[in-house]
Amino acid sequence: MPVVRARGRLDRVTGGELRRAVDRCLKDLPRAVVVDLTGVTELRAGAVAKLARMAEHVQTDCIGLHFVTKGGVVDGLLAGGPFGDRLVIHHGIAAVQGALGR
């Protein structure tokens, strides 16, 4: 299962870079792709919409897109916004592995 890690500020521009990194992973048709957001220090509103669109795009190919966060404010922005129902959020890579093992 490929893991793409984001670090620093995540905004519209860096969200596009993250999307391209995920798209590169999709070429191998994995069962799932993990986007590790634990290194994100700032999450801008424009990035949340990009993450939701990325999740929709990946799900149309029947591939799971799982986001890993440290919780707190990032979870609130992702899950509490209008796109929250489209995003699968975990609090560790082991949690993703456990969810996929079911």
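Throughout this description, residue numbers start from 1 for each chain and increase along the sequence as written. With the structure being a predicted model, the display of local features is reserved for residues of pLDDT at least 70 and the display and counting of side-chain atom pairs for 80 or more, all residues being used for whole-chain, interface and lining totals. Calculated side-chain values reflect all of the structure's heavy atoms, with hydrogen atoms and water omitted.

Peer 1: Explain the overall build of the protein chain to me, using residue names and the numbers behind them.
Peer 2: Secondary structure elements follow DSSP: runs of H or I of four or more residues count as helices, runs of E of two or more count as strands, with numbering from the N terminus. Each helix and strand in the protein chain was counted, giving four helices and four strands. Our radius of gyration is a C-alpha quantity, and the globule rule it is checked against amounts to 2.2 Å times the number of residues to the power 0.38. For 102 residues, the compact-globule estimate of 2.2 N^0.38 gives 13 Å, and the C-alpha radius of gyration of the protein chain, at 12 Å, lies within 12% of that figure. Counting only C-alpha atoms and orienting by the principal axes, one finds that the protein chain spans roughly 30 × 25 × 25 Å. Throughout, exposure labels follow a simple rule: accessible area from a 1.4 Å probe, protein chains only, divided by the maximum for the residue type, with under 20% read as buried, over 50% as exposed, and the rest as partly exposed. Here the protein chain holds 102 residues, and the buried ones make up 44% of them. Throughout, a residue-residue contact means that at least one pair of heavy atoms, one from each residue, lies within 4.5 Å. A separation of at least 24 residues holds for 72% of the contacts in the protein chain among residues at least 6 apart in sequence. Accessibility throughout is a Shrake-Rupley quantity obtained with a 1.4 Å probe, and a residue counts as covered only by protein chains that appear here. Carbon together with sulfur atoms contributes 51% to the accessible area of the protein chain, which is approximately 5,600 Å² in total. Treating the 15 positive side-chain charges of the protein chain as one cloud and the 10 negative ones as another, the clouds have centres 2 Å apart. Asp and Glu count as negative and Lys and Arg as positive, but His and the ends of the chain are not part of the count. Taken as the charge location is NZ of Lys, CZ of Arg, CG of Asp or CD of Glu.

Peer 1: I'd like a description of the sheet that holds strand β2 (residues 32–43), backed by residues and values.
Peer 2: Two strands qualify as a pair provided that DSSP identifies no fewer than 2 bridges between them. Across the sheet, which stays open at both edges, the four strands sit in the order β1-β2-β3-β4 with parallel pairing between neighbours. Each having just a single partner strand, β1 (3–10) and β4 (88–90) make up the two edges of the open sheet. If you compare each strand with its neighbour and ignore which way they point, the axes differ by 30° on average. Here β2 pairs with strand β3 (residues 64–68) via five bridges, running parallel. The residue bridging A32 from the neighbouring strand is G64, located in β3. The convention used is that axes are lines fitted to C-alpha atoms, helices contributing only their stretch in contact, and that angles between N-to-C directions extend from 0 to 180 degrees. On the sheet, helix α2 (residues 45–60) packs against β1, β2 and β3 and is oriented at approximately 150° with respect to β3. Contacts from helix α3 (residues 73–80) reach β2 and β4 within the one sheet, and its direction differs from that of β2 by about 120°.

Peer 1: Explain the packing of helix α1 (residues 12–26) against α2 to me, using residue names and the numbers behind them.
Peer 2: Between two packed helices, both the angle of their axes relative to each other and the distance between the axes serve to describe the pair. Their axes nearest at 8 Å, the elements α1 and α2 cross at an angle of 20°. The angle between α1 and α2 falls in the class roughly parallel. Seen along the crossing, α1 lies across α2 with a hand that is right-handed. Facing R12, G15, G16, L18, R19, V22, D23 and L26 of α1, the residues of α2 in contact are G46, A47, K50, L51, R53, M54, H57 and V58. Three classes are used: nonpolar for Ala, Val, Leu, Ile, Met, Phe, Trp, Tyr, Cys and Pro, charged for Asp, Glu, Lys and Arg, and polar for all others, with Gly counted as polar. When grouped by side-chain class, the residues that make up the contact of α1 with α2 number seven nonpolar, four polar and five charged. In this scheme, roughly parallel covers angles under 35 degrees and roughly antiparallel covers those over 145, while 65 to 115 is roughly perpendicular and the rest are oblique. For any pair of crossing helices, the crossing counts as left-handed if the nearer helix is rotated counterclockwise from the farther one by less than a right angle, and right-handed if it is rotated clockwise.

Peer 1: Residue-level account of the pattern of salt bridges, with values.
Peer 2: Pairing of side chains with opposite charge becomes possible as their charged atoms draw close. Any Lys or Arg side-chain nitrogen located within 4 Å of an Asp or Glu carboxyl oxygen qualifies as a salt bridge. Within the structure shown, the criterion is met by four salt bridges. Between D36 and R5 there is a salt bridge, and its shortest N-O distance comes to 3.4 Å. With a gap of 31 residues between them, D36 in strand β2 and R5 in strand β1 connect regions that are remote in the sequence. R5 gets classed as partly exposed once you look at its relative accessible area, which sits at 47%. Of the charged contacts in the structure, one is a salt bridge between R9 and D11, with a shortest N-O distance of 3.3 Å. Given a relative accessible area of 41%, R9 falls into the partly exposed group.

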